[in-house]
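Each chain is listed here by its residues.
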Amino acid sequence: MSLDIDGIGIAFGGIKAVDDVSFTARPGEVTSIIGPNGAGKTTLFNLVSGVYRASAGRVRIDGQDVTGLPGHALARRGMARTFQNLQVFPQMSALDNVMTGCHMQEKSNLLADLLGLASAHRETARSRDAAMAALQRAGLAELAHRPASEMSYGQLKRLEIARALVTGCTILLLDEPAAGCNAVETREVDDLIHAIAAEGKTVVLIEHDMRMVMRISSHIVVLDQGRKIAEGGPEEIRNNPHVIAAYLGAHGAAEAEAAAHV
Amino acid sequence: MAGQGTTTAPQESGREMQARTEPARRRVIGPGLRTFLIFAVLVGLGALIFPSSYFYRVGTLVWINTLAVTGIVVLLGYVGLVSLGHAGFFAIGAYATAILPNYGIPSPLAMLAGVALAGLLALAVGRPILKLSGYYLAIATLGLGMLIWMVLSKEAWLTGGPDGMVVSGMNARNLFKMVGLKLKSAEAWYWVAGFAAAIGAAIAVNLAGSPSGRALRAIHDSDVAARSLGVDVAKAKSRAFVISALYAAVAGALLALANGYITPETGGFMHSVEMVTMAVLGGASSVFGALVGALILTALPQVLTVFADYEHMVLGGIMVLTMIAMRRGLVPFIVDLWNRRKS
Amino acid sequence: MSELLQFLVSGITVGAIYAAIALGFTLIYNASGVVNFAQGEFVVIGGMTAAALIGAGVPVWIAAPLAVIAGMLVGVLLYRLAIKPAREAPLVSLIIITIGASIFLRGAMQAVFDKQIHRYDGFSGDAPLRVGGATILPQSLWIVGGSIAVFAFLAWFLNRTRAGRGIKATASNRMAAALVGINTGRAMNLSFALSAAIGALAGVLATPVTFTSYDVGVLMALKGFSATMLGGVGSPLGALAGGLLIGLIEALTAGYISSDYKDASAFIVILLVLFLRPQGLFGARITERV
Ligand SMILES: Nc1ncnc2c1ncn2[C@@H]1O[C@H](COP(=O)(O)OP(=O)(O)OP(=O)(O)O)[C@@H](O)[C@H]1O
Ligand SMILES: [Mg+2]
């Protein structure tokens, strides 16, 4: 499903953290949001996913206006996300974390859950299978029974991806999924995102790793101080003087260039 | 060598935790039934060793408190919400059971009505109150509890006022008589309370490992993440609030009948604090924590007179010290120690 | 008419007490982000200590400052022994700790003093003044004056002194404050000491009018907190206004509806505020960071 952002904005105490940003993310593609620290990328995600209430602008999913819906209602319309600063459930095992992502598919009712009826066990068993499969996909299968509080930063990042995937989402927002990952893990995350998009999901990615961004994005939106300063394909963005000045700098541009020739 | 063992062994925290995370395999008895059986054995053990009616009466109190604290476990341990007004729900259960028989309604129906009333009140105030978090919730529930307590102590025509009221009606002995068992009244109430606590524990354990329970525990750790996974956080919290109010109300109704006398203090702030203290002392994350907390704080005052003389200082001290020294409570603390010793 | 005037006078008197408690809440909250449920106990400590000293023949002008100092010491102890060791604890633990501390102090008060209700004579006697059909106790003037003085002092202290600015900086960003060389530990100690002193002072001033006993702390805290929320958490001006408003609402409820339920009005105000305007009258709306 396509995600349309139209003129969205919010201010915190007079400072416009996101200001009149518009773009469209299409199914089967990776749309990346890049920009310097504090540009408003995470805030944009929070607006789109209903964590913050936008003071201006619209969000549409497949043309349907979903602006202002609470987070759980957006999730029911197929939106899932991960968090830059990690919002895992540290008291649970990795498996239970991901099983929580199955919440929307679970059909047992509260009474059955309280009485421990067969239907509750059946739903749990199904969720467990789905969660195991997602952990496998994120490369975390061996850690399934490890408490989340004992996993590394990079592992938790992937745990969040697995948890978002099992929701059955069609739109996936990823906030710096490769942060804290080593080169090998980054490559794995990279492949995973690629595969997710190839399934026809709409992927929106925030990432500072320019190699990764240039490699997997179809479309890039550049933010600076809350405003969109450029938008286009990787090639275009890499050579855009404004973007180089505001964000990429000489080093970043070289890195992006290198990525293009891998 | 032992040190090496500890660093590599995966930490398991608590029996329940283990049950939740165990890989799928056929179990002959589920965790809920297992908990029920453990509780049943403990109830029976008590009956085996108790020498007098006095012990049965204290035992009855332990089980009633365990039941009420299990409700706190659901709210505080599973979802992470602090209520400082749960004694209010407890008192609603108790007073309905005391008052309604005076108007010709039989005790069992009165109990039901009290429990339903507590549940409805929790439902009505829960939604708006639970939009609040942290401090605001604690204050709002504190105020709610005070309001209930105020009504109980001021409306003397209905409740007998600050002096409390006599509860007439059902005696558990008759229940046992029907199946041909002759028990003393104290013994009969002990078995009834123990049975109720065991059922309550089983239900709470069932909940923990179920889809609804996972959603609650997710809210405990991050409500933002839970919401992003499609959990209707407000609804889930409100359900947990109602469930925990029901636990308190059933416990209150049982106390009214078993004691034959109640005062507004059953709904007072100190009673709410007592329930929370039992939960945090034993360990708010599991029903066994509820049992241990209730056992210690019910039984100790019977043996130690300092408890009676310095009740407030002891309760307050326990709350502060537990939170500083073993934040998760006694049961998880001991289980962790045990696991570390083993590995 | 004179009846209404009388209710207003008593409303402002108790309102000023709530305002002082609310200012204490605000100070600690601003410095540490902790809502101190034990705040009401300081009021009791102030009142009970003063009552005991005065009962033992100590003149008021010595007993009152001693009582405030006693409150202050307990405040620092509370921070050192209970709050500081749990600095990094989750909010729920902090709530339980301050509640526990409040219950503990209540018990300590009962052990050190007694379970009786106490009062002593007003500082300027108890002969009521007549003003336009209403009677005012001279002590009411002390109470209102005291709250205004506390407010003025806090405004001056937080904005004009080095130590006060340290508290403000610590509140807005502990790490950054520490980096620029502010002693955040001292700022925390100071804010607990001051806040406790303010609570104790409220108790010392109020006891001739409201009486005190070991167990009124929770109710005081609830009222003070209602005032804080009504005014807007974190805003000293809000605390002052909120306190006076709660006092007035309570006095009018007692006068025109039922004195049995005057305490309920504070609770109902809290609920209304929380539902209608959670940031209070003077509080800024903040969006929790994710
Ligand atoms: N809840 C909030 N309250 C106040 N200010 C906020 C809030 N959330 C974000 N901001 C501010 O908005 C601006 C944008 O922050 P944001 O986290 O969106 O940046 P970002 O582009 O994600 O940066 P980074 O690359 O470092 O993650 C920053 O100045 C930040 O301080
Ligand atoms: Mg960010």
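An unreviewed UniProt entry annotates chain C as Branched-chain amino acid ABC transporter permease of Limimaricola cinnabarinus. Quoted straight from UniProt, the Subcellular location (unreviewed entry) entry for chain C says "Cell membrane". Recorded under Sequence similarities (unreviewed entry), the UniProt text for chain C is reproduced unchanged: "Belongs to the binding-protein-dependent transport system permease family. LivHM subfamily."

The name that an unreviewed UniProt entry assigns to chain A is High-affinity branched-chain amino acid ABC transporter ATP-binding protein LivG, with the source organism given as Limimaricola cinnabarinus.

## A look at the interface of chain C and chain B
Between chain C and chain B, the contact holds 44 residues from the first and 40 residues from the second. Across the interface of chain C and chain B, roughly 3,600 Å² is buried in total on both sides, 83% from carbon and sulfur atoms. Our count for the contact surface shared by chain C and chain B stands at zero salt bridges. On the surface where chain C and chain B come into contact, there are four residue pairs in polar contact (both at pLDDT 80 or more). For the side of chain C that touches chain B, a count of residues per class yields 36 nonpolar, five polar and three charged.

## Looking at the UniProt feature "transmembrane region" (unreviewed entry) in chain C
Residue and element names in this part refer to chain C. Mapped onto this structure's residue numbering, the UniProt feature "transmembrane region" (unreviewed entry) falls at residues 7-29, 49-79, 91-113, 140-158, 192-214 and 234-257. Between the end C-alpha atoms of residues 192-214 the distance is 21 Å, and the span holds 83% helix and 0% strand. Secondary structure content for residues 234-257 is 88% helix and 0% strand, while the C-alpha to C-alpha distance between its ends is 32 Å.

## Remarks on the interface of chain C and chain A
Size of an interface, as often reported, equals the accessible area lost when the parts are brought together. In this assembly, four residues from chain C lie in contact with eight residues from chain A. Here chain C meets chain A over a buried area of about 420 Å², counting both sides, of which 66% is carbon and sulfur. For the pair chain C and chain A, the interface holds zero salt bridges. Where chain C meets chain A, there are zero residue pairs in polar contact (both at pLDDT 80 or more). Taken together, the residues that form the side of chain C that touches chain A break down as one nonpolar, one polar and two charged.

## Considerations on the site of ligand 1
Residues and elements named next belong to chain A. Close to ligand 1 lie 16 residues, the nearest being Gly38, Lys41, Thr42, Thr43 and Gln84. For ligand 1, an oxygen atom lies 2.8 Å from a polar atom in the side chain of Asn37. Between ligand 1 and Tyr52 there is a distance of 3.0 Å, counted from a nitrogen atom to a side-chain nitrogen or oxygen. The protein chains hide 75% of the 640 Å² of surface that ligand 1 would expose on its own. The biggest single contributor to the shell around ligand 1 is helix 1 (residues 41-48), with three residues. Among the residues forming the shell around ligand 1, the class breakdown is five nonpolar, eight polar and three charged.

## Re the coordination of the magnesium ion (ligand 2)
Residues and elements named next belong to chain A. Coordination of the magnesium ion (ligand 2) by the protein involves Thr42 (OG1) and Gln84 (OE1), with metal-donor separations of 1.9 to 2.0 Å. A residue pair is termed long-range when its members are at least 10 positions apart, and Thr42 in helix 1 and Gln84 in the loop between strand 6 (79-81) and helix 3 (94-100) qualify at 42 residues. Given the relative accessible area of 18%, Thr42 is considered buried. What makes Gln84 partly exposed here is its relative accessible area of 30%.

## A look at the pattern of salt bridges
All names here are of chain A. Evaluation of the coordinates by the stated rule reveals 19 salt bridges over all chains. Note that Asp6 is salt-bridged to Arg60, the shortest N-O span being 3.7 Å. With Asp6 in strand 1 (residues 3-12) and Arg60 in strand 4 (residues 56-61), this residue pair connects regions lying 54 residues apart in the sequence. Accessibility expressed as a relative area gives 37% for Asp6, which makes it partly exposed. The partly exposed category is assigned to Arg60, whose relative accessible area is 26%. Glu188 is the partner of Arg158 in a salt bridge, and the nearest nitrogen-oxygen pair spans 3.5 Å. Residue Arg158 is located in helix 6 (residues 153-165), and its partner Glu188 is located in helix 7 (residues 183-198); the two are separated by 30 residues in the primary sequence.

What counts, and where the lines are drawn
The residue numbers shown here count from 1 along each chain, following its written sequence. Chain A is the first chain written and ligand 1 is the first ligand written, with later ones labelled in order. Per-residue local features of the predicted model are confined to residues with pLDDT of at least 70, and side-chain atom pairs are confined, for both listing and counting, to 80 or more; whole-chain, interface and lining totals are unaffected and use all residues. The side-chain figures draw on all heavy atoms in the structure; neither hydrogens nor water molecules are used. UniProt positions are given in the numbering used here, feature names are shortened, and annotations may be inferred rather than shown by experiment. Two residues qualify as a contact provided that any one of their heavy atoms is within 4.5 Å of a heavy atom in the partner residue. Throughout, buried area stands for the accessible area (probe radius 1.4 Å) lost by two parts on being put together, summed over both. The working definition used for a salt bridge is a side-chain nitrogen of Lys or Arg within 4 Å of a carboxyl oxygen of Asp or Glu. Nitrogen and oxygen atoms within 3.5 Å of one another constitute a polar contact, given that in protein one can donate a hydrogen and the other can accept it, and given that sequence-neighbouring residues count only through two side-chain atoms. Residue polarity follows a fixed list, in which Ala, Val, Leu, Ile, Met, Phe, Trp, Tyr, Cys and Pro are nonpolar, Asp, Glu, Lys and Arg are charged, and the others, Gly among them, are polar. Strands here mean DSSP runs of E at least two residues long; helices mean DSSP runs of H or I at least four residues long; both are numbered from the N terminus. Here a residue counts as near a molecule or strand whenever at least one of its heavy atoms sits within 4 Å of it. Computed with a 1.4 Å probe, the accessible areas rest on the Shrake-Rupley method; for each residue, only the protein chains presented here act as cover. Shown as donors are all N, O and S atoms within 2.8 Å of a metal ion, widened to 3.2 Å for Na, K and Ca; because water is not in the atom set, sites may appear incomplete. For every residue, the accessible area obtained with a 1.4 Å probe (protein chains only) is divided by the maximum for its type, and the residue is called buried under 20%, exposed over 50%, and partly exposed between those limits.

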